[in-house]
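# Geometric and topological summary
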Amino acid sequence: MSDDGPARLTPEQLRSHQWFGTEGALRTWSHNARMRQLGYEDEEYRGRPVVAVVNTWSDINPCHVHLRERAEAVKRGVWQAGGFPLEFPVATLSETYQKPTPMLYRNLLAMETEELLRSYPVDAAVLLGGCDKSTPALLMGATSADVPALFVPAGPMLPGHWRGATLGSGTDMWKYWDEHRAGNLTDCELRELQGGLARSPGHCMTMGTASTMTAAAEALGMTLPGACAVPAVDSAHERMAAASGRRAVELAWTALRPSRILTREAFHDAVTTVLCLGGSTNAVIHLIAMAGRAGVALTLDDFDRIARTVPVLANVRPGGRTYLMEDFHFAGGLPALLSRITDLLHLERPTVNGTLGGQLDGARVHDDDVVRPRGNPVAAEGGVAVLRGNLCPDGAVIKHIAASPHLLRHTGPAVVFDDYRTMQRTIDDPGLNITADSVLVLRGAGPRGGPGMPEYGMLPIPEHLLKQGVRDMVRISDARMSGTSYGTCVLHVAPESHVGGPLALVRTGDRITLDVAARSLRLDVDDEELARRRAGWSAPPERYGRGYGALYDAQVTQADTGCDFAFLARRGAVPDPYAG
Ligand code: FES
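For the structure given in this document, a descriptive report is provided here. (Residues numbered from 1 in each chain as written. Predicted model: local features only at pLDDT ≥ 70, side-chain atom pairs only at ≥ 80, totals over all residues. Heavy atoms only, no water.)

### Some remarks on the side chain of S58
Looking at where S58 falls in the secondary structure, it is placed in the loop between β1 (50–55) and α4 (67–80). Only 3.0 Å separates the side chain of S58 from the backbone nitrogen of I60, close enough to count as a polar contact. Dropping the residues within four chain positions of it, S58 is found in contact with H64, V65 and T92. (Helix = DSSP H or I, 4+ residues; strand = E, 2+ residues; numbered from the N terminus. Polar contact = N/O pair within 3.5 Å; in protein donor to acceptor, adjacent residues only side chain to side chain. Contact = heavy atoms within 4.5 Å.)

Below, the structure is given as structure tokens:
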């Protein structure tokens, strides 16, 4: 940028000019003939920035079911600003319905996004998503394509309600299911509760993975200010979508690419934001992968180091105690929260809307209990800790603000489950002699073992213990955990058991020591015995003989490096489609 503002492209410098603008070439002539077929005259698109509206709408995705209408609002904004919108439907990643887990497909959506932005006449993109993995996937694709892009978060659904209680989707689903298992809730009551848990379109309205990742997108500088917390069905959401369309046209003229926005400082600020929100542990994996696409080396140690300097200020469930995303929006949203930690941020760095500091102009907190002041935080330190030790040489994470304080330093005997199905079948078996002091261990649930690292990390408490009033235990796995979950759950153990990580060597009865303050997770078994067990370990048989699963299995990296595909994460030249 100069003092006169950012340099502007001429119509001839737009990327789409190669498709539509060059006179006298057969291919341009044929492209324009097909635009007639689509019903457009020259003046409607030639010389205007083409804005791709990348839409993850689907009938099967309740979190995105309103995005068809929002795409129309984005297009309205693009037309208003003199651009030419084209909608591109892409894969939908529905956290609820896609099995074994949408995480298996995050990199597929990233690849689809990257390639369509590269291969079509696109000058800028507006990315519509929000349900958990769709946010990192869309942004990873746009980052690799390096086409000017802006993200429109799907927005949180309305708060849940049942019999006078406010419900958080996910969080209260787990809670009331346990109460049902403990015999405190009838089948009839459980069915009634179903109708109050998720009341409108939009993503989960707790500070789960969806809200965490859309906030991270805003903190990175990839959305309009305040966009992440606008409820999905609020009329402000439609206005934000239209404004995003208008802004995308400006991004195209100024060629403001993700590579100028997604700097090391931007990722530092996104990590700071996620920790200040008490956000989902999934953000650790996604932000490391997203940073990798931008050429920024973000590590687990960055999270742990920053966490020690950042208080949790968002009192939003499950990390906070009380509120939901609509409350956060009314309290001022993300700009209000960031206005409380400006000394920890890089205010001069660029965003799609100017600078981060500019995005916070006029931001004010309207409710000090929802967005706490620094002197009265929800927790003094950021919500995620990174553990090391002989059980997780490449790291593991724990969301300690969602754990029971009395379990943060704990030694107990392991009860080991080799896979999720076995665990489901046997967890309530009294013959396993599980007590409240036991450490439940689940393996075979990592990036390759899961496959896709399903959100199995909040292992269920055995029924006999629930009936005794036990609601939390130490649980350890190479799985992830839903951002709406809670409990003393050690997650993302790396390397995973499927590739021979030490988790594969644990036996029922081994003692395990968790010490969060010391950032330590140790298997109390000596090295000689572990070496003997390792000599007897053999890798599980290959699961996928063909198809996307085989590609995934061959390419996915471990949790500590973001679970991207090695061939997508590496740096390397990709020819422009018109240069080839
Ligand atoms: Fe889509 Fe929770 S199910 S965000």
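### Quick notes on the pairing of strand β13 (residues 474–477)
Where a strand is regular, its side chains alternate between the two sheet faces. Along β13, one buried face is formed by V474 and I476 and the opposite face, lined by R475 and S477, is buried too. Judged from the four bridges that link them, strand β12 (residues 439–442) and β13 form a sheet pairing that is parallel. Counted as the bridge partner of V439 is V474 from β13. (Buried < 20%, exposed > 50% of the residue type's maximum accessible area, 1.4 Å probe, protein only. Pairing = 2+ DSSP bridges.)

### Focus: empty space enclosed by the protein
Within the structure shown, the criterion is met by one cavity of 30 Å³ or more. The volume enclosed by the largest cavity comes to roughly 30 Å³. The residue makeup of the lining of the largest cavity, split by class, is six nonpolar, one polar and no charged. (1 Å grid on protein atoms, 1.4 Å probe; cavity = no way out; pocket = protein on both sides within 12 Å on 5 of 7 lines; lining within 4 Å. Points joined across faces, edges and corners; volume = space filled by probe spheres on them. Nonpolar A, V, L, I, M, F, W, Y, C, P; charged D, E, K, R; others polar.)

### A look at the side chain of T557
In this fold, T557 is placed in the loop between α21 (547–555) and α22 (566–569). Within the structure, T557 has its side chain in polar contact with the side chain of T561 (distance 3.4 Å). Residue contacts for T557: discarding those within four places in its chain leaves P447, G562, C563, D564 and A566.

### A word on the sheet that holds strand β4 (residues 149–153)
Taken in spatial order, the four strands line up as β2-β1-β3-β4 in an open sheet, and their pairing is parallel. Edge strands, defined here as strands with exactly one partner in the open sheet, are β2 (84–89) and β4. The average undirected angle you get between the axes of adjacent strands in this sheet is 20°. As paired strands, β1 and β2 are joined by six bridges and run parallel to one another. Pairing of N55 across the sheet is with P89, part of β2. Relative to the sheet, α4 contacts β1, β2, β3 (124–129) and β4, its axis offset from that of β2 by approximately 160°. (Axes fitted to C-alpha atoms, helices over the stretch in contact; angles between N-to-C directions.)

So far we have only geometry, and geometry alone does not tell us how the molecule works.
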